[in-house]
Amino acid sequence: MCEGTPPAHGLQRAQDGFDIVEVVAEYNILRECIHDLADANKLPLQGRSFHIVNRVLDGAIGSAVKTYATQKALEVQRRREEYLSFVAHDLRTPLSAISLAASVLEMKHAGEDPNSSSARMVKTLRRNVQHLGALVSKVLEENTNLQTEVGVKLERREFDLWPLVEALVHDIHPVAGTDSTKLVNAVPEDLVIYADAELLRRVFQNLIANAIKYTLCGEVVISARRLDADAGFECSVRDNGEGIAPDRIDKVFDHFETDPNKQGGLGLGLAIVKTFVEAHGGRVTVESAVGMGSTFVFTLPAKTNLSS
């Protein structure tokens with residue numbers, strides 16, 4: 001058992017990953033040791049002394065378990081709140097695409113009667129997108145102090161990667177702009193990958209959105225390949241944009257790490273990428289040169305290399 005008070009013991013065991021049965025078991029082992037020690041010294045615990053020892057140990061168990069349970073509840077709450085902030089962050093990219101599409105529709109209907117059904121529908125669309133944007137911003141604002149890792153439950157399956165990336169490129173295209181940043185899907189059409197499709201979509205979404213932000217007039221290429229000898233898969237998002245300064249490249253995946261030269265960033269996008277890739281058992285890296293662009297590469301294990 002660790003040194004200190006029962007609350008300190010309960011907190012430590014929660015941090016060590018013990019379950020509550022193990023915490024109680026430690027005190028019951030201590031109880032048996034005390035009784036064995038008393039018997040060995042011909043001091044059998046009976047009557048009042050027996051009740052005092054057990055009362056002290058029962059109180060210690062209650063105090064340790066209470067602290068343990070409180071700590072575990074706080075961890076669950078933090079994980080839920082951070083997961084909510086991750087989801088809210090990921091909503092910003094499709095909302096931006098919808099907002100830009102609404103702007104295009106608004107310009108096309110600019111000369112129409114403002115009371116026409118189409119004009120009213122466009123205004124309704126714009127208003128609701130702004131409302132959703134405000135709600136997302138509020139969620140993110142209320143969760144800016146989160147520092148814990150998210151508990152991610154994977155739902156792996158085999159699926160074709162090319163259609164997933166192609167649909168994502170189509171959805172994000174309005175954010176890139178029709179004539180500024182070119183999005184290229186270089187994923188082989190016959191590549192079948194094994195992963196959580198929804199989480200992988202969000203990984204690519206964040207990497208592509210990040211690349212667009214730094215590649216106002218250029219090209220973003222999304223590619224993937226199967227590694228040799230069932231080593232898994234390697235995916236990448238490469239751009240020829242601004243690149244990353246050497247003093248920032250080791251920190252880009254940190255929570256709330258933002259570029260001081262870019263407005264509106266929350267420092268969650270690449271943290272989401274790292275969290276979801278590592279949840280798959282993979283690894284994400286980046287190579288970059290200022291003025292030349294960046295390449296983000298992540299790996300995913302093959303199905304045969306997974307125990308479940």
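Residues numbered from 1 in each chain as written. Predicted model: local features only at pLDDT ≥ 70, side-chain atom pairs only at ≥ 80, totals over all residues. Heavy atoms only, no water.

- Identification of the protein as histidine kinase from Gemmata massiliana is taken from an unreviewed UniProt entry.

**Examining the sheet that holds strand β6 (residues 284-289)**
Item 1. Spatial ordering of the open sheet is given by β2-β4-β5-β7-β6, a layout of five strands whose pairing is mixed. Edge positions in the sheet fall to β2 (181-185) and β6, since each of these pairs with one other strand and no more. In this sheet, neighbouring strand axes are inclined to one another by 15° on average, regardless of whether the strands run parallel or antiparallel.
Item 2. Where β6 and strand β7 (residues 293-300) come together, six bridges link them in antiparallel fashion. From the neighbouring strand, T285 faces β7, where its bridge partner is V297. (Pairing = 2+ DSSP bridges. Helix = DSSP H or I, 4+ residues; strand = E, 2+ residues; numbered from the N terminus. Axes fitted to C-alpha atoms, helices over the stretch in contact; angles between N-to-C directions.)

**As for empty space enclosed by the protein**
Item 1. With the rule as written, the count across this model stands at one cavity of 30 Å³ or more.
Item 2. Put simply, the largest cavity is a space of about 40 Å³.
Item 3. Surrounding the largest cavity, N210, Y214, D239, G243, I244, S294 and F296 form its lining.
Item 4. Residues of the lining of the largest cavity, tallied by class, amount to three nonpolar, three polar and one charged. (1 Å grid on protein atoms, 1.4 Å probe; cavity = no way out; pocket = protein on both sides within 12 Å on 5 of 7 lines; lining within 4 Å. Points joined across faces, edges and corners; volume = space filled by probe spheres on them. Nonpolar A, V, L, I, M, F, W, Y, C, P; charged D, E, K, R; others polar.)

**Section: the packing of aromatic side chains**
Item 1. Enumeration over the complete set of coordinates arrives at two aromatic pairs.
Item 2. A ring pair is formed by F253 and F296, whose centres lie 6.0 Å apart and whose planes are at 90°; its orientation type is edge-to-face. A residue pair is termed long-range when its members are at least 10 positions apart, and F253 in the loop between β5 (233-239) and α7 (269-279) and F296 in strand β7 qualify at 43 residues.
Item 3. Judged by relative accessible area, F296 falls into the buried class, the value being 3%.
Item 4. The ring of F18 has R13 sitting right over it, with the charged end atom 4.6 Å from the ring centre. (Phe/Tyr/Trp six-rings, centres within 6.5 Å; stacked < 30°, edge-to-face > 60°. Buried < 20%, exposed > 50% of the residue type's maximum accessible area, 1.4 Å probe, protein only. Lys NZ or Arg CZ within 6 Å of the ring centre and 35° of its normal.)

**A look at α7**
Item 1. Counting buried positions along α7 gives eight out of eleven residues, so the element sits mostly inside the fold.
Item 2. Within α7, the full set of buried residues consists of G269, L270, A271, I272, V273, T275, F276 and V277.
Item 3. Backbone geometry just downstream of α7 places G281 in the positive-phi region, at approximately 90°.

**As for the nonpolar core**
Item 1. Core analysis: the largest hydrophobic core is formed by 41 residues, its most contacted members being L161, L200, F204, I208, I222 and F298.
Item 2. Within the residue set of this core, elements represented by two or more residues are α5 (161-176), β3 (192-196), α6 (197-213), β4 (218-226), β5, α7, β6 and β7.
Item 3. Per-element accounting of this core gives the leading share, nine residues, to α6.
Item 4. Filtering out sequence-adjacent residues up to four positions away, I208 remains in contact with L168, I172, L183, I222 and V237.
Item 5. Grouped together as the second largest cluster of nonpolar side chains are seven residues, A14, V23, I61 and Y68 included. (Core = buried A, V, L, I, M, F, W, Y, C linked by side-chain atoms within 4.5 Å. Contact = heavy atoms within 4.5 Å.)

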